[in-house]
Amino acid sequence: MRSSNPVFSRRGFSRDNGYAGFNAAPQAGGPAVGTQGNPYAQGNPYAQQGGNPYAQNPYAQQDLQHGAPPQAPVTTGRMTMDDVVMRSAMTLGTVVVGAVLAWALLPVSSTSYGLAIGSALVAFVLAMVQSFKRTASPALILGYAAFEGVFLGVISEMYNSQWSGAPFQAVLGTMAVTGATLLVYKAGWIRVTARYARIGLTIAIAFIVVMAVNLLLVAFGVAPDGGLRSSGPLGAIVGILAILIGAFFLTLDFKQIQDGIAYGAPKEEAWLAAFGLTMTLVWIYVEMLRLVAIFSGDD
């Protein structure tokens, strides 16, 4: 069963074991946690329901029966790290190209700002369509990346015109957050379990709801100076929290990729992994851009 909230949908969290995987056994040393009510529980389209999920999997290693982590061999038709890297490079590259073209061709103006908003809305719609699909659509994913790139290019130019160098600092900050999160994840300091996902998702949804209400209050003049999104200390705290939420989604992305490779997910899943990574990195970059502006001076 797919998540009712497609924005935060992450494939790989199975209903049976509570870990990110394709209905496979949990990692060695980890307790099985039930995931009823888990918005990430989407079932496994690649494994039979009930019984040993590896029984019909010719790629599963025999040592799985002894609790050892699965290691899927490199085979055609199965997702590999190279597939993920290549698809992610294509998707992020499309974002970068769209951003560079928008920056170079669209001068800062009310018209370009309107175009940025329109591009963001189109990107959102494409992301929703892809999120509701059970299979990856490269055209939708790359289309989302292109429109998201136009949006990022315009707002980055706007920020740069007022806070020189802010986009560059935001890029460095995004890379730092991504690298630190990957390091923490690989070191095993964070274990992505169903409980971890539920708690993180609850916080993320609550954050978005509060931000939506804040936006309405600002639009109607009830909350002046941006409300929770002001340029003061409160705005900085909200920005840091948003970046931490982005780091949380990165851990889900990393787990999705790790288990997709280990459990022999189809090669097409690499597009979904790239899609999830791109959305998360865009989230972190935008929040980092705002944070840099706050620390650089008043609006």
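Preceding this section is the structure that the text describes.
Residues numbered from 1 in each chain as written. Predicted model: local features only at pLDDT ≥ 70, side-chain atom pairs only at ≥ 80, totals over all residues. Heavy atoms only, no water.

Visitor: Which residues make up the overall build of the protein chain, and what are the values?
Guide: When its secondary structure is counted, the protein chain shows seven helices and zero strands. For the protein chain, the N- to C-terminal ordering of α and β elements is α-α-α-α-α-α-α. Each of the 299 residues in the protein chain was classed as buried or not, and the buried ones make up 47%. Sequence separation of at least 24 residues holds for 77% of the intrachain contacts in the protein chain that already meet a minimum separation of 6. Of the roughly 14600 Å² of accessible surface on the protein chain, a fraction of 68% belongs to carbon and sulfur atoms. (Helix = DSSP H or I, 4+ residues; strand = E, 2+ residues; numbered from the N terminus. Buried < 20%, exposed > 50% of the residue type's maximum accessible area, 1.4 Å probe, protein only. Contact = heavy atoms within 4.5 Å. Areas by Shrake-Rupley, 256 points an atom, 1.4 Å probe, with all protein chains shown as cover.)

Visitor: Can you lay out helix α6 (residues 233-262) for me, pointing to particular residues and giving the numbers?
Guide: Residues spaced three or four apart along an α-helix face the same direction, because each turn holds 3.6 residues. Look at α6: 44 Å from first C-alpha to last across 30 residues, which is about the 44 Å you get at 1.5 Å a residue. Counting buried positions over the 30 residues of α6 gives 23, a clear majority of the element. Once α6 finishes, G264 follows within two positions and takes phi at roughly 70°, a positive value. (Expected span 1.5 Å × (residues − 1).)

Visitor: Kindly report on a nonpolar patch on the surface, identifying the contributing residues and their values.
Guide: On the surface, a nonpolar cluster with roughly 660 Å² of combined accessible area is contributed by I205, V209, V213, L216, L217, F220 and V222. If you trace the backbone, I205 turns up in helix α5 (residues 194-219). (Patch = residues over 30% accessible without salt bridge, like charges linked within 9 Å, V, L, I, M, F, W, Y side chains within 5 Å. Salt bridge = Lys/Arg side-chain N within 4 Å of Asp/Glu carboxyl O.)

Visitor: Account for the packing of aromatic side chains, with residues named and values stated.
Guide: The tally for this structure, following the rule as stated, stands at seven aromatic pairs. With centroids separated by 5.5 Å and ring planes inclined at 85°, the aromatic side chains of Y144 and F275 adopt a geometry described as edge-to-face. Note that Y144 is positioned in helix α3 (residues 138-162) and F275 in helix α7 (residues 269-296), a separation of 131 residues in sequence. With respect to burial, Y144 and F275 carry one shared label: buried. Pairing F249 with W283 gives two aromatic rings, centres 6.3 Å apart and planes at 65°, and the pair type is edge-to-face. Pair noted here: F249 is in helix α6 and W283 is in helix α7, with a separation of 34 residues, a long-range link. Among the residues examined, F249 registers a relative accessible area of 4% and is labelled buried. Its relative accessible area of 22% is what places W283 among the partly exposed residues. Taken together, the ring pairs in this structure connect Y196, F207, F248, F249 and W283 into an aromatic cluster. (Phe/Tyr/Trp six-rings, centres within 6.5 Å; stacked < 30°, edge-to-face > 60°.)

Geometric values such as these leave the question of function open.
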